[in-house]
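Coordinates in review
Listed below are the residues making up each chain.
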Amino acid sequence: MDESERVADVEDVPEGETLLFTVRDDEGALGEAFLTQLSDGTVVAYRNYCRHWTDVRLDTGEGARVTNGEVWCRRHGATFQLDTGYCDFGPCEGSMMEEVDVTVADGGVYLDDEEYAFEHLGPSGADTDEGGGSRIDFTGS
Ligand code: FES
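Predicted, not measured: the structure shown is a model, and the values here were computed from it.

Turning our attention to the overall build of the protein chain. Helices and strands together make up the secondary structure of the protein chain, namely zero helices and twelve strands. Counting from the amino terminus, helix and strand elements in the protein chain follow one another as β-β-β-β-β-β-β-β-β-β-β-β. In the protein chain, buried positions account for 43% of the 141 residues. Restricting the contact set of the protein chain to residue pairs at least 6 apart, pairs at least 24 apart contribute 52%. Of the roughly 7,300 Å² of accessible surface on the protein chain, a fraction of 43% belongs to carbon and sulfur atoms.

A word on the environment of P123. Tracing the chain through its elements places P123 in the segment after β12 (116–121). Placed 101 residues apart in sequence, P123 and T22 show a C-alpha to C-alpha distance of 5.9 Å. Leaving out residues up to four positions away in the same chain, P123 has contacts with L20, T22, E32 and R57.

Below, the discussion takes up the sheet that holds strand β11 (residues 108–111). Reading across the sheet, the three strands line up as β1-β11-β10 and stay open at both edges, with antiparallel pairing between neighbours. The sheet is open, and its two borders are formed by β1 (6–9) and β10 (102–105), each paired with just one other strand. Averaged over all pairs of adjacent strands, the angle between their axes in this sheet comes to 25°, without regard to strand direction.

Rules of the game
Residues numbered from 1 in each chain as written. Predicted model: local features only at pLDDT ≥ 70, side-chain atom pairs only at ≥ 80, totals over all residues. Heavy atoms only, no water. Helix = DSSP H or I, 4+ residues; strand = E, 2+ residues; numbered from the N terminus. Buried < 20%, exposed > 50% of the residue type's maximum accessible area, 1.4 Å probe, protein only. Contact = heavy atoms within 4.5 Å. Areas by Shrake-Rupley, 256 points an atom, 1.4 Å probe, with all protein chains shown as cover. Pairing = 2+ DSSP bridges. Axes fitted to C-alpha atoms, helices over the stretch in contact; angles between N-to-C directions.

This is the structure in structure tokens:
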């Protein structure tokens, strides 16, 4: 595996919590994603934004709210299943979180997604949750 794409050791990926990291897309723009471990030990990753208002982060830098295998959006309470990414409650019900491909090898979790390169652990530093920008709303609400 490409060591520059190693996000974290598997043992550092929490269950019932999220581990925030920063990615860079093909055009050089920074974005955020988070890792979490499912109850069966599977490690999954998703981009760190809500499908209702895409400028709202699910993990605000202190860990997302996770209960019963679901991550919550603190803004309006949408819940997304961590095993599938499916939103089963809230204003964006029926939508899907954007999954980021990762691979587990040699005790580590590697970003393995053609669209993104690993940048660093932690927040991007971009101002993504203060409003003022345009909002893409998939729900019409
Ligand atoms: S911004 Fe997430 S539910 Fe509204």
